[in-house]
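Tertiary structure, described
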Amino acid sequence: MRPSSSTEGILPAFQGPWDQYNLSPASRTQYPVRIFRVTGLVENASNLLDFNSTVIRAIPTTNGFVPGDLYSSITLDFGKEVCGPVTIRSGPTSTEQTVAFAYAESSEWVGFNSDDASSLRPSVSDGHFEFQIGPNETYMVPMEKQRGGYRYLTIFTKTTDAILEIKEVSAHFTSMPHWENLRAYPSYFYCNDELLNRLWYASAYTNQLSTLAKDQSRRCELDSGWLTNAVCCTSGETVITDAPRRDRTVWAGDFAVVIWSQFATIGDSVSMKNALDTLFDVQSEKGQFPWCGPPICHDSRSDLAKSAEWPYMSDSYHLWTILVSRHFYHLTSDIDWLKSKWNKIILGMELAVSRFRAEEGLYYCEGILDWGRTSVEGFNLSGNILFHETLVNMAPLATLLGHPGTARDWLALAETLKPNLEKFWDAAAGLYIDNLKAPDLYPQDGNSLACWFGIADLERASIITTNLKKRWGPYGPINPECSGPVSPFISGFELQALVRADKMNDALQMIRTAWGWMINNPASTGSTILEAWGGDGQLTYPFYKDKPSYISHCHPFSTGPVLVMTFELLGLNLTEAGGISWEFTPTPGDLEHCEGGFTGVCGKYSAGWKKERKNGSIVFTGWVQAPQGTTGRVRAPRGVGQAASANGQKTRCSFSDGYWWVDGVKGGERHEFMFL
C-alpha cells in the first residue's frame with residue numbers, strides 16, 4: 001500500500017493540527033503518567049512519576065498470615081494502552097525479595113492478578129508474573145513474558161517484611177517493530193468533530209498495537225500464566241493480528257473491516273500480506289481456508305479444538321479470506337502476489353461452489369462457526385450474501401488472469417443465487433431472516449451485509465436500516481444473533497448499510513453513541529477500540545461467559561468507523577487497482593469541514609471540503625490532490641448543485657446516478673472546486 005520510495009515509519013506523510021490526536025509514542029520507552037491506586041504501606045507514591053523513590057513495605061503479618069490476603073502495592077497508569085516488557089529499577093534500601101507484576105487493560109480488572117488473556121478454559125488463570133530483585137538492581141521482564149497490551153501495571157512484593165524502593169518503571173513498545181518512527185503515519189483525518197478525530201486516531205493506534213513480530217504470539221497450551229513466544233506468521237517478519245493482548249493471532253473474518261481500516265490508517269501492506277500468506281499457507285488439502293492462523297489453528301487443548309475439523313469450521317471466514325485477497329490486490333495492484341495465490345484461490349472457490357445446492361438455489365453453510373454468534377450451519381443469510389459477493393468480485397480477477405470461462409461460470413452462479421435470497425425476506429418485519437430453519441431471528445450481520453453488498457436496493461435498504469435502528473440502545477445497537485451484546489465488529493457492517501441507504505446522519509449518530517460511549521468510558525483504555533460490550537453498558541460478552549476480563553480492549557475488527565470517515569464522509573477512494581484511478585465523493589452529513597489522505601502504491605492522495613452558508617444558500621468547496629499519472633472524478637454532495645468552478649475557472653459537469661460529476665481530473669497537482 002506504499003510506493004517503493006515511501007518513508008513509512010520514518011517520516012509522516014501529512015503533518016498538521018491533526019497530529020495532536022496521534023496516540024503513538026515518540027519513543028519506544030514508555031513511562032507511567034499517574035498513580036491509579038495504592039494498597040497497604042506505600043510511601044511517596046507519586047515520586048515514581050518524577051524518577052524519585054517510592055517505597056513499598058510489606059504488610060506486617062499476624063500469626064504468619066497477611067490480613068485479607070492483601071499486599072502493599074502501587075498501580076501505575078500509563079494513560080493509554082501500551083505494550084511490551086517492563087523494566088524496573090530498585091533503590092538502595094530495597095531488600096532481597098519476590099516482586100510481582102499484574103497487568104490490566106481496563107481499570108475494572110486492576111488487582112493482584114492480570115486480566116485473562118491466555119485461554120477461555122475455566123481452569124486457566126493468567127495470575128501474575130514473579131521475579132527476584134534486590135537493592136540497586138535493574139530487572140527487565142523477558143520478552144517471552146511480555147504483556148502484549150495493558151494500561152495499568154500493579155507492582156507488589158510477596159516477601160514477608162520486604163522493603164521495595166522503586167526508582168523507575170518503564171515499558172518497551174514492541175508492536176510495529178519494523179517502523180523507526182511510530183508516529184510517522186502515511187495517512188490522516190481531520191474534521192470539526194473532536195470525537196470523530198479521536199476515534200479515527202484511536203483506530204489507527206489499535207491497528208498499530210496489533211501489528212507484531214512474527215514470533216511473539218500467545219501460546220495456547222499453558223495451564224497457567226502466559227507466554228508470548230509462539231510463531232503466528234508463516235511468511236515475513238511482521239503481521240497484523242486480532243489484538244495485542246489476545247489472541248495475537250491472524251483471524252480471517254476480522255479482515256472484512258481491517259483490510260480497509262488498516263489501509264486508511266497505518267497502510268502497512270507488508271504486514272497485511274504476511275497475514276494473508278499465513279492463511280493461505282494453512283489451507284487444507286480440500287481447499288478450506290482456516291478461520292484463524294497459528295498458533296490457535298494448532299491448538300489441541302480447548303474443547304473446540306478437539307474437533308477433527310479444527311480449524312476448518314467456518315464457511316464465512318473461508319469466504320472472507322478469498323474476498324479479502326481481492327481487496328488486497330485492489331489496494332496494492334500486486335499482480336505477482338495474486339498470481340502466486342491463484343491456484344489456492346481456485347481450490348477454495350471450487351470448495352465453496354460445491355456447497356451450492358441447486359434444488360434450493362442457495363449456498364449451504366457446513367461449518368457452524370462465525371464471528372462469535374450462534375451457529376450459521378444450513379441455509380444462512382450472511383453466508384449466502386457473502387458467497388454472492390465473493391463470486392461477483394472474483395470473476396473480474398479470473399478474467400484478468402486469463403480465465404474468462406471461470407469468470408462466466410461464477411457470474412452465472414451469482415445470477416442464479418441472487419433471486420433465491422428472497423426466500424429470506426420477511427416483508428412484514430421489513431428484515432431478512434437469519435436461516436431457513438430460524439425464521440424468527442432477524443440478524444444484524446446478514447441484514448447489514450444485504451445493504452452493504454447491494455443485495456437490497458435503495459428502497460429496501462432504507463426499510464432495513466429503519467428497522468435495525470429500532471434496536472439501538474444508549475450504548476449502541478443490540479445484536480440478537482449473539483444474545484444481546486453490542487458488537488462493534490458487526491455494527492461496522494451496519495454503518496456500511498446506513499451509508500448505502502443514504503443515511504450518513506444516522507451513521508454518525510451510531511458512531512457518536514456506541515463508539516463515543518466506548519472511548520469515553522472510564523473503564524476503557526481511552527485510546528483503543530474495544531472488542532464488544534453488553535447492551536446494558538457492562539463490560540460483558542456472551543461469547544466469553546464467565547471470563548469478562550477476557551474481552552480485548554484493543555481490537556482492529558471494531559474499527560469500522562474509519563471506513564465511514566475516510567471513504568464516505570471524506571469520500572476519497574481508489575476505483576482501480578493500485579489507485580491509477582480514484583474518486584472524491586464527499587458525503588458531509590452534519591459536519592462543516594473535513595480533510596484527510598492516505599498513501600497508495602502510486603503516491604499520496606489527499607482531499608478536503610468545507611460547507612458554508614452564504615446569501616441564503618449552501619456553498620460547498622473542496623480540493624483534491626493525487627499522484628502524477630492518475631486520473632479521478634469529483635462528485636458534488638447530494639442536494640448541492642453542479643460545480644460552478646474548478647481551479648477558479650468555469651467547468652462542465654455531467655449528471656448521473658443523481659449526482660453532478662466533474663470527470664477527467666488529473667493527478668500531479670492540487671485541484672479546487674466550488675459547488676453551488
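Here, the structure is the one placed above.
Residues numbered from 1 in each chain as written. Predicted model: local features only at pLDDT ≥ 70, side-chain atom pairs only at ≥ 80, totals over all residues. Heavy atoms only, no water.

**Here's the deal with the environment of phenylalanine 14**
Here phenylalanine 14 shows up in the segment before strand 1 (29-30). Overall, the relative accessible area of 11% leaves phenylalanine 14 in the buried class. Separated by 528 residues in the primary sequence, phenylalanine 14 and proline 542 place their C-alpha atoms 41 Å from one another. Beyond its immediate sequence surroundings of up to four residues, phenylalanine 14 is in contact with Asp19, Tyr185, Pro186, Ser187, Tyr188, Gly597, Phe598, Thr599, Lys604, Tyr605 and Ser606. (Helix = DSSP H or I, 4+ residues; strand = E, 2+ residues; numbered from the N terminus. Buried < 20%, exposed > 50% of the residue type's maximum accessible area, 1.4 Å probe, protein only. Contact = heavy atoms within 4.5 Å.)

**So, unusual backbone geometry**
Cis geometry is found at the peptide bond from arginine 246 to aspartate 247, where omega equals 20°. Summarising the element assignment, aspartate 247 is placed in the loop between strand 14 (238-240) and helix 2 (255-265). Note that the residue after proline 294, namely proline 295, is joined by a cis bond; omega there is 5°. On the secondary structure map, proline 295 appears in the loop between helix 3 (269-281) and helix 4 (315-332). Even without being a glycine, serine 483 presents a positive backbone phi close to 65°. Taking the relative accessible area as the measure of exposure, serine 483 reaches 60% and is therefore exposed.

**Re the environment of valine 82**
Its place among the elements puts valine 82 in strand 5 (residues 73-84). Apart from the residues lying within four places of it in its own chain, the contact partners of valine 82 are Gln30, Gly148, Gly149, Tyr150, Tyr205 and Leu209.

**Overview of the sheet that holds strand 8 (residues 129-133)**
Ordered by their spatial adjacency, five strands build an open sheet running 2-5-10-7-8, and the pairing between neighbours is antiparallel. Both outer strands of the open sheet, strand 2 (34-39) and strand 8, are each paired with one neighbouring strand and no more. Across this sheet, the average inter-strand angle for adjacent strands is 30°, counted without regard to direction. Where strand 7 (residues 97-104) and strand 10 (residues 147-157) come together, six bridges link them in antiparallel fashion. By the bridge assignment, alanine 100 is partnered in strand 10 with phenylalanine 156. (Pairing = 2+ DSSP bridges. Axes fitted to C-alpha atoms, helices over the stretch in contact; angles between N-to-C directions.)

**Some points on the sheet that holds strand 30 (residues 654-656)**
In space, the five strands of this open sheet follow the order 23-24-28-31-30, with mixed pairing throughout. For this open sheet the edge positions go to strand 23 (572-574) and strand 30, each flanked by a neighbour on one side alone. Taking each pair of neighbouring strands and ignoring which way they run, the sheet shows an average axis angle of 30°. Where strand 30 and strand 31 (residues 659-666) come together, three bridges link them in antiparallel fashion. Pairing of serine 656 across the sheet is with tyrosine 659, part of strand 31.

**Some words on the environment of valine 353**
Of note, valine 353 is situated in helix 5 (residues 335-354). Accessibility expressed as a relative area gives 30% for valine 353, which makes it partly exposed. For the pair formed by valine 353 and tyrosine 364, sequence separation is 11 residues and the distance between their alpha carbons is 9.8 Å. Apart from residues lying up to four places away in sequence, valine 353 is in contact with Phe387, Trp410 and Leu413.

**Focus: the pairing of strand 26 (residues 603-614)**
The pairing of strand 25 (residues 593-600) with strand 26 spans eight bridges and is antiparallel. Looking at the pairing, cysteine 594 lines up with tryptophan 609 of strand 26. In textbook terms, the turn of a hairpin is the stretch between consecutive antiparallel strands, and for strand 25 and strand 26 this stretch comprises two residues. Where strand 26 meets strand 27 (residues 617-625), nine bridges bridge the pair, whose relative direction is antiparallel. Counted as the bridge partner of lysine 610 is threonine 621 from strand 27. Counted between consecutive antiparallel strands, the loop separating strand 26 from strand 27 contains two residues, among which asparagine 615 sits at a positive phi close to 55°.

**Here we look at the side chain of aspartate 315**
Following the sequence through the fold, aspartate 315 ends up in helix 4. Residue class for aspartate 315 comes out buried when judged on its relative accessible area of 2%. At a separation of 2.5 Å, a polar atom in the side chain of aspartate 315 contacts the side chain of tyrosine 363. Ignoring sequence-local partners within four residues, the contact set of aspartate 315 consists of Gln288, Arg355, Tyr363, Tyr364, Cys365, Glu366, Gly367 and Leu369. (Polar contact = N/O pair within 3.5 Å; in protein donor to acceptor, adjacent residues only side chain to side chain.)

**Description of the packing of helix 10 (residues 488-500) against helix 11 (residues 504-520)**
Remark: helix 10 packs on helix 11, axes separated minimally by 8 Å, with the N-to-C direction vectors making an angle of 160°. Judged on the interaxial angle alone, helix 11 and helix 10 are roughly antiparallel. Read as a crossing pair, helix 10 and helix 11 show a hand that is left-handed. Across the interface between the two elements, Pro488, Ser491, Gly492, Glu494, Leu495, Leu498 and Val499 from helix 10 touch Met504, Asp506, Ala507, Met510, Ile511 and Trp515 from helix 11. Each residue belonging to the contact of helix 10 with helix 11 can be placed in one class, and the counts come to nine nonpolar, two polar and two charged. (Parallel < 35°, antiparallel > 145°, perpendicular 65-115°, else oblique. Left-handed = near helix turned anticlockwise from the far one by under 90°. Nonpolar A, V, L, I, M, F, W, Y, C, P; charged D, E, K, R; others polar.)

**Here's the deal with the state of the cysteines**
Counted by the stated rule, this structure contains zero disulfides. Free of any disulfide, cysteine 83 has its nearest cysteine sulfur in cysteine 554, 9.0 Å distant. Looking at the unpaired cysteine 482, the closest cysteine sulfur is the one in cysteine 365, lying at 17 Å. The class for cysteine 482 is buried, based on a relative accessible area of 3%. (Disulfide = S-S within 2.5 Å.)

**Things to note about the side chain of asparagine 197**
Tracing the backbone through its elements, the reader meets asparagine 197 in helix 1 (residues 194-209). Those residues in contact with asparagine 197 that lie beyond four places of it in its chain are Tyr21, Phe189, Tyr190 and Cys191.

**Section: helix 4**
With 18 residues, helix 4 should reach 26 Å at 1.5 Å per residue; the first-to-last C-alpha distance of 26 Å fits that figure. Of all 18 residues in helix 4, 18 are buried; the element is thus mostly enclosed. Serine 333 sits one or two positions beyond helix 4 and adopts a positive phi of about 55°. (Expected span 1.5 Å × (residues − 1).)

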